[in-house]
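Listed below, chain by chain, are the residues.
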Amino acid sequence: MNSAFDRRDFLKQSSMVALAAAMGTNIVFASKMPKGYVPLLFDEKDALKGKNLEMIVQGDKPWNVESPVHLLDDRITPVDKMFIRNNGLIPETIDVASWTLTIDGESVKAPKTYTLAELKKKFKPYTYQLVLECGGNGRSGFQPQASGNQWGQGAVHCAEWTGVRLKDVLADVGIKGDAVYIGYHGKDQHLSKDPKKEAISRGVPMSKALEDETIIAWQLNGKDIPEFHGYPLRLVIGGWPASVSGKWLSRISVRNKVHDGAKMEGHSYKVPKSPVSPGEDVPQTDEYFKIIESMPVKSLITFPKSGAMIASDAELALRGHAWAGDRAIKKMEVSIDFGATWKDCKLEAPANRLAWQHWSAKVKFPSKGYYEVWAKATDDKGNAQPMVIPAWNPGGYLNNACERIAVKVG
Ligand SMILES: Nc1nc2c(c(=O)[nH]1)N[C@H]1C(S)=C(S)[C@@H](COP(=O)(O)O)O[C@H]1N2
Ligand SMILES: [Mo]
């Protein structure tokens, strides 16, 4: 990746020769191109560059790209199979040499700014595998439709992130006793391009901010974080809605109240405290809504792909992952008879806290015909995935219904 790439300046300054060089080919009808026209190739249209061809595009303004479930089969999600969720436009200027992180807010003793080099040198690096799942993953399952991206089940990944602990940085800055929350600020732009507006600025309570696994990362799977996933710096907080993991991180404010940035208001990333019926007019206040914290227990069948055909005498080897927000998975089961009976799966320990756990099972089918395999995880507090879509909510969050695949035995 270019270490100082400024799309806007580049386009303003470059000659046709330079443009052609950057494109890797010449613009055949360049003489017909309107003055100042930005070729689509440079117009943010690059989210799919380096992504697997089977990725599903939910939208391109902003970019929202989903992984089909069978692509999530790897133990550690490779970049080309990671979903992308942007609320705004990726920063036009990414200059690593001058990139800084400032820690400020009501509850720091004094604000402090670090360069990337200082962060890397001053604090001990840690590497963790962390599940980042969009709060709206599974939203398309809600009836009637809840507003927002109609994600299937693929707005989740578990990659390996390297960075420094937020708690080490906060200790170096010095935090006041009245700190209750942190809020991040990233360098992406609001869709309106109004510089006073932020696309998203969310946060977590101090207890979550100070966990060992809450890191300020510069590497994803051992390499620089790709542009669309937050290059060059990102807050990574596993187990909670991925919206708290701020990309293109430039500032963290330590707040003396619940952070009030963009997408902390209304019913964004909140669920009703008691059941709400579709269409019911519920005030969007703290009395009725609570901020989503730990994500619920969930699992995926990543192999085989739904619709698999197998020979009648064959044993089917199933596998997938399970996770439960802040908690661990205690039990994983599959059923081939629509949930009438369940079979225990082999379940592995997580690589570290907040990583997903791999499961596998071998099943035999009694005769030829159509089957469904249903998968159900149970966390260490005894919470199991529901068989049917859980409580409808206006934001369409937290659909953790058990996953099913179709299998034809012939
Ligand atoms: N700065 C910034 N951070 C952000 C977002 C964003 O739009 N801007 N999207 C959030 C949301 S809603 C999700 S689900 C995750 C998605 O992370 P990914 O695109 O790396 O998969 O990033 C979060 N962090
Ligand atoms: Mo999200």
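Residues numbered from 1 in each chain as written. Chains lettered and ligands numbered in written order. Predicted model: local features only at pLDDT ≥ 70, side-chain atom pairs only at ≥ 80, totals over all residues. Heavy atoms only, no water.

Per an unreviewed UniProt entry, the recorded name for the chain is Mo-co oxidoreductase dimerisation domain-containing protein, and the organism is Dyadobacter psychrophilus. Per UniProt, the comment on the chain under Cofactor (unreviewed entry) is "Mo-molybdopterin". (UniProt positions renumbered as here; feature names shortened; annotations may be inferred.)

As a further point, take the sheet that holds strand S22 (residues 343-344). On the basis of which strands lie adjacent, the open sheet formed by 5 strands has the order S19-S26-S25-S21-S22 and mixed pairing. Edge strands, defined here as strands with exactly one partner in the open sheet, are strand S19 (308-310) and S22. As judged from the 6 bridges shared by strand S21 (residues 329-335) and strand S25 (residues 369-379), these two strands associate in the antiparallel manner. Each residue of the ladder has a partner; that of Lys 331, found in S25, is Thr 378. (Pairing = 2+ DSSP bridges. Helix = DSSP H or I, 4+ residues; strand = E, 2+ residues; numbered from the N terminus.)

Let us now look at the side chain of Ser 243. Among the structural elements, Ser 243 can be located in the loop between strand S14 (234-236) and strand S15 (249-255). Ser 243 gets classed as buried once you look at its relative accessible area, which sits at 8%. Ser 243 has contacts with Tyr 184, Ile 200, Arg 202 and Tyr 269, leaving out every residue within four places of it along the chain. (Buried < 20%, exposed > 50% of the residue type's maximum accessible area, 1.4 Å probe, protein only. Contact = heavy atoms within 4.5 Å.)

Around ligand 1, a shell composed of 19 residues is seen, among which Phe 83, Asn 87, Asp 188, Arg 234 and Lys 247 lie nearest. With respect to ligand 1, the backbone of Phe 83 contributes an N or O atom lying 2.7 Å from an oxygen atom. The backbone of Arg 85 places a nitrogen or oxygen atom 3.0 Å from an oxygen atom of ligand 1. The fraction of the free accessible surface of ligand 1 (530 Å²) that becomes covered by protein chains is 100%. (Near = heavy atom within 4 Å. Polar contact = N/O pair within 3.5 Å; in protein donor to acceptor, adjacent residues only side chain to side chain. Areas by Shrake-Rupley, 256 points an atom, 1.4 Å probe, with all protein chains shown as cover.)

Below, the discussion takes up the environment of Val 407. The topology assignment puts Val 407 in strand S26 (residues 403-409). The spacing of Val 407 and Ala 384 is 23 residues in sequence and 24 Å in space, taken between C-alpha atoms. What Val 407 contacts, discounting residues up to four positions off in sequence, is Ala 308, Ile 310, Leu 316, Phe 365, Gly 369, Tyr 370, Tyr 371 and Val 373.

Moving on, we get to the sheet that holds strand S2 (residues 56-60). The strand order across the open sheet built from 3 strands is S2-S3-S4, with neighbouring strands paired in antiparallel fashion. Sheet topology places S2 and strand S4 (84-85) at the edges, where each strand pairs with a single neighbour.

According to UniProt, the positions carrying the feature "domain: Moybdenum cofactor oxidoreductase dimerisation" (unreviewed entry) are residues 291-409. Summarising residues 291-409: 0% helix, 47% strand, and an end-to-end C-alpha distance of 45 Å.

All right, on to the domain arrangement of the chain then. The domain boundaries assigned to the chain delineate domain 1 (1-42), domain 2 (64-291) and domain 3 (298-409). Taking the mean C-alpha position of each, domain 2 and domain 3 sit 28 Å from one another. Listed by partner, the interface residues are 44 residues for domain 2 and 31 residues for domain 3. Counting each side, the surface lost to burial between domain 2 and domain 3 is near 3,200 Å², with a carbon and sulfur contribution of 57%. (Domains from an automatic or database assignment. Buried area = accessible area lost by both parts, 1.4 Å probe.)

Another aspect to go through is the pattern of salt bridges. Throughout the structure, instances matching the rule amount to 22 salt bridges. A salt bridge links Lys 193 to Glu 92; the shortest N-O distance between them is 3.9 Å. Note that Lys 193 is positioned in the loop between strand S10 (181-186) and strand S11 (203-205) and Glu 92 in the loop between S4 and strand S5 (93-95), a separation of 101 residues in sequence. Note that Arg 327 is salt-bridged to Asp 379, the shortest N-O span being 3.2 Å. Here Asp 379 lies in strand S25 and Arg 327 lies in the loop between strand S20 (315-323) and S21, a separation of 52 residues in the sequence. In this structure Asp 379 comes out as buried when scored by relative accessible area, which is 3%. Here the salt bridges do not stand alone but share partners, grouping Lys 208, Glu 211, Glu 213, Asp 326 and Arg 353 into one network. (Salt bridge = Lys/Arg side-chain N within 4 Å of Asp/Glu carboxyl O.)

Evaluated as defined, the whole model comprises 1 cavity of 30 Å³ or more. Roughly 230 Å³ of internal volume is contained in the largest cavity. Around the largest cavity sit 20 residues that line it, and Arg 85, Arg 234, Ala 242, Ser 245 and Lys 247 are the ones nearest its centre. In the lining of the largest cavity, the residues fall into 9 nonpolar, 7 polar and 4 charged. (1 Å grid on protein atoms, 1.4 Å probe; cavity = no way out; pocket = protein on both sides within 12 Å on 5 of 7 lines; lining within 4 Å. Points joined across faces, edges and corners; volume = space filled by probe spheres on them. Nonpolar A, V, L, I, M, F, W, Y, C, P; charged D, E, K, R; others polar.)

A word on the packing of aromatic side chains. Overall, the coordinates contain 7 aromatic pairs when judged by the stated rule. With a centroid separation of 4.6 Å and 50 degrees between ring planes, the pair formed by Phe 365 and Tyr 371 is classed as tilted. Side by side, Phe 365 and Tyr 371 carry an identical accessibility label, which is buried. Positioned over the ring face of Trp 374 is Arg 404, at 4.0 Å from the centre of the ring. (Phe/Tyr/Trp six-rings, centres within 6.5 Å; stacked < 30°, edge-to-face > 60°. Lys NZ or Arg CZ within 6 Å of the ring centre and 35° of its normal.)

A word on helix H4 (residues 166-173). Of the residues making up H4, those classed as buried are Leu 166, Val 169, Leu 170 and Val 173. Along the long axis of H4, the arc covered by the buried residues comes to 100 degrees, so they all point the same way. Downstream of H4 by a residue or two, Gly 174 has a phi angle that is positive, lying close to 95 degrees. (Arc of directions from axis to C-beta.)

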